[in-house]
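Descriptive analysis of the structure
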Amino acid sequence: MRIATFNANSIRTRLPVILPWLLEHRPDVLAVQETKVQDSDFPVDPFTEIGYSCAFKGQKSYNGVALITREPLAEIRTGFFPDDTQNGPRLIRGRMGDVWIINAYVPQGRDRDSEHYAGKLEWLNQFRAMLEREYVPDQPIIWTGDLNVAPEPMDVHDPKSLDGHVCFNSELTALFYEVCAWGFHDVFRRHRPDPGEYSYFDYRGATVYKNKGWRIDHILGTRRMLDLSTDAWIDLKPRKIRDPKPSDHTFMIADFQNLPR
DNA sequence: ATGGTAGTAGAACTA
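Residues numbered from 1 in each chain as written. Chains lettered and ligands numbered in written order. Predicted model: local features only at pLDDT ≥ 70, side-chain atom pairs only at ≥ 80, totals over all residues. Heavy atoms only, no water.

With that out of the way, let us pick up the sheet that holds strand β2 (residues 29–33). Ordered in space as β3-β4-β2-β1-β12-β11, the six strands form an open sheet in which the pairing is mixed. Strand pairing shows two members of the sheet lacking a second neighbour, β3 (53–57) and β11 (229–235), which therefore form its edges. Each strand of the sheet is rotated relative to its neighbour by a mean of 15 degrees, with strand direction disregarded. Here strand β1 (residues 2–7) runs beside strand β12 (residues 251–256); their pairing, made up of four bridges, is antiparallel. (Pairing = 2+ DSSP bridges. Helix = DSSP H or I, 4+ residues; strand = E, 2+ residues; numbered from the N terminus. Axes fitted to C-alpha atoms, helices over the stretch in contact; angles between N-to-C directions.)

Structure follows, in structure tokens:
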């Protein structure tokens, strides 16, 4: 099983990037964040034409998540609770066979002293509560998405100057590892132990060409999924293209052996 | 230290 994640920064604008990428890499699951489209306008047809199913929850202009899958997902839910309209555009989950897929777009936080940053911490606490309520850690579960957390100094290009940022500070890291302590492991880092690999590069300053990035997109798995994982990597090519225009994030991919029956 | 870019909009806002 191949699972990928991509913050598209508008799924409609990014179709010329996503569709060829899907045909080339054929993941079983592509988790998309920042779709920036309300559900009635989601571009379902281009995906069905190449054999993919879509599950999504979005809104105009901001946020929005989708799961693009080769097989239709079962038990699709958006948000933390049934009928959770407030958090739906940031969280979508479903089951593919025996594997649970959770796709999250964690709030960025804007500024450390803003209510948006407080909301980010609260969102992660609610996420942890959802895990405890609805899952057990010995299930095969993937948690992926734009988590807006760079957990380690090696996950940012300049840890000294960026220390204290809403996506890189000790308070956030502690909370992130508290959530992970429920039962998630870093699948990407298991296979890529060396520094200098990033999934997000600011549009401003040609940062991708200087490798001045952040690893804030993640593929995490419970122990069963970690043990089944065979490889993980970041594909920089879709970030470096000029035409069609790139997202400011790029794809992270992980491969897994099938679950034993 | 500030501002740099892109998307959605059709002026700011979010990142």
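Past the structure itself, the notes keep going.
Time to look at the packing of helix α3 (residues 115–134) against helix α5 (residues 170–180). Between α3 and α5, the shortest axis-to-axis distance is 10 Å and the interhelical angle comes to 10 degrees. Taken together, α3 and α5 sit at an angle that is classed as roughly parallel. The chirality of how α3 crosses α5 is left-handed. On the side of α3, the interface is formed by Tyr117, Lys120, Leu121, Leu124, Asn125, Phe127, Arg128 and Leu131, while α5 contributes Glu171, Leu172, Leu175, Glu178 and Val179. Looking at the contact of α3 with α5 residue by residue, the classes come out as eight nonpolar, one polar and four charged. (Parallel < 35°, antiparallel > 145°, perpendicular 65-115°, else oblique. Left-handed = near helix turned anticlockwise from the far one by under 90°. Contact = heavy atoms within 4.5 Å. Nonpolar A, V, L, I, M, F, W, Y, C, P; charged D, E, K, R; others polar.)

What follows is about helix α1 (residues 15–25). Leu15, Val17, Ile18, Leu19, Trp21, Leu22 and His25 are the residues of α1 that are buried. Phi turns positive one or two residues past the end of α1, at Arg26, with a value near 45 degrees. (Buried < 20%, exposed > 50% of the residue type's maximum accessible area, 1.4 Å probe, protein only.)

What surrounds DNA strand B is a group of 15 residues, the closest being Ser10, Thr13, Ser61, Arg110 and Arg204. For DNA strand B, the backbone portion of the atoms within 4 Å of the protein, that is sugar and phosphate, comes to 63%. A distance of 2.9 Å is found between a phosphate oxygen of DNA strand B and a side-chain nitrogen or oxygen belonging to Thr13. A distance of 2.2 Å separates a phosphate oxygen of DNA strand B from a polar atom in the side chain of Arg110. Grouping the amino acids of the surface near DNA strand B by side-chain chemistry returns three nonpolar, five polar and seven charged. (Near = heavy atom within 4 Å. Polar contact = N/O pair within 3.5 Å; in protein donor to acceptor, adjacent residues only side chain to side chain.)

All chains considered together, the criterion is met by 14 salt bridges. Across the pair Asp255 and Arg2 runs a salt bridge, and its minimum N-O distance is 2.7 Å. Of this pair, Asp255 sits in strand β12 while Arg2 sits in strand β1, and the two are 253 residues apart along the sequence. Since its relative accessible area comes to 16%, Asp255 is described here as buried. According to the relative accessible area criterion, Arg2 is partly exposed, its value standing at 22%. For Glu134, the salt bridge identified is with Arg77, shortest N-O distance 2.4 Å. (Salt bridge = Lys/Arg side-chain N within 4 Å of Asp/Glu carboxyl O.)

The values reported here are purely geometric and, on their own, carry no functional implication.
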